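What follows is the residue order along each chain.
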Amino acid sequence: MAYFSDVRPLERTGGSVDRPLRDAFRLPAIGASVAEARRRVLARLTEWDIGTVIRDDAQLVVSELFTNAVRHTDSERVDCELRVTGVRLRLAVTDQGPGNARHAGGAVDAPADTRGEGENGRGLLLVSALAEAWGVRPGAGGRGHVVWAELGFGPSAP
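These notes cover the structure that comes with them. All values derive from a computational prediction rather than experimental measurement. (Residues numbered from 1 in each chain as written. Predicted model: local features only at pLDDT ≥ 70, side-chain atom pairs only at ≥ 80, totals over all residues. Heavy atoms only, no water.)

We now examine the pattern of salt bridges. Going through the model one piece at a time under the given rule, you end up with eleven salt bridges. Here Arg40 and Glu36 are joined by a salt bridge, their closest N and O atoms 2.9 Å apart. Pair noted here: Arg40 and Glu36 are both in helix 1 (residues 32–47), with a separation of four residues, about one helical turn. For Arg40, a relative accessible area of 34% puts it in the partly exposed group. By sharing partners, the salt bridges in this structure join Arg88, Arg90, Glu132 and Glu150 into a single network. (Salt bridge = Lys/Arg side-chain N within 4 Å of Asp/Glu carboxyl O. Helix = DSSP H or I, 4+ residues; strand = E, 2+ residues; numbered from the N terminus. Buried < 20%, exposed > 50% of the residue type's maximum accessible area, 1.4 Å probe, protein only.)

The packing of two helices is summarised by the inter-axis angle and the distance between the axes. In the contact formed by helix 1 and helix 2 (residues 52–72), the axes pass within 9 Å of each other and the chain directions differ by 150°. Here helix 1 is positioned roughly antiparallel relative to helix 2, judged by the angle of their axes. The handedness of the crossing between helix 1 and helix 2 is right-handed. Counting all contacts with helix 1, which are made through Ser33, Val34, Ala37, Arg38, Val41, Leu42, Leu45 and Thr46, the residues of helix 2 involved are Arg55, Ala58, Gln59, Val62, Ser63, Phe66 and Thr67. For the contact of helix 1 with helix 2, the class distribution of residues is eight nonpolar, five polar and two charged. (Axes fitted to C-alpha atoms, helices over the stretch in contact; angles between N-to-C directions. Parallel < 35°, antiparallel > 145°, perpendicular 65-115°, else oblique. Left-handed = near helix turned anticlockwise from the far one by under 90°. Contact = heavy atoms within 4.5 Å. Nonpolar A, V, L, I, M, F, W, Y, C, P; charged D, E, K, R; others polar.)

One non-glycine residue with positive phi stands out, namely Asp49, at about 65°. Assignment of secondary structure puts Asp49 in the loop between helix 1 and helix 2.

Here helix 2 spans 30 Å end to end across 21 residues, near enough to the 30 Å set by a 1.5 Å rise per residue. Along helix 2, 15 of the 21 residues are buried, which leaves the element largely enclosed by surrounding structure. (Expected span 1.5 Å × (residues − 1).)

Moving on, we get to the side chain of His145. Tracing the chain through its elements places His145 in strand 5 (residues 145–152). Engagement of the side chain of His145 in a polar contact is seen with the side chain of Asp95, the distance being 3.0 Å. (Polar contact = N/O pair within 3.5 Å; in protein donor to acceptor, adjacent residues only side chain to side chain.)

So this is what it looks like as structure tokens:
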């Protein structure tokens, strides 16, 4: 666990983390868990002294990815991992599948349809707009999906 003295303020100085920071948690695959995931991400990033803009973007991304995992897979639980390395925050949400992989994040080779047409797809359009990169890979042992997004911060961040 990192403490405030271990991490330089990021958004204010444009600095980066001296060493990787990581946290992970697991929640039941129910609608109420989406808000809990947002709260946990906010608490951890606040503890790590991550800037407000990145915290807000990370909460939106996790909310969208977690919602997709809850709504579009047959998972009993959803895992979430946060990792800060250098000037990047990587968020990964893992479902247990099976389910509609297209709605849960798209094909392994490319993100799902993010045109934002209709009700489905708008969340992934938001993820695509906020993240420097994002994608999907099979879960451990080929079961489920890991949907990940990377947010940059510091001098080179958009």
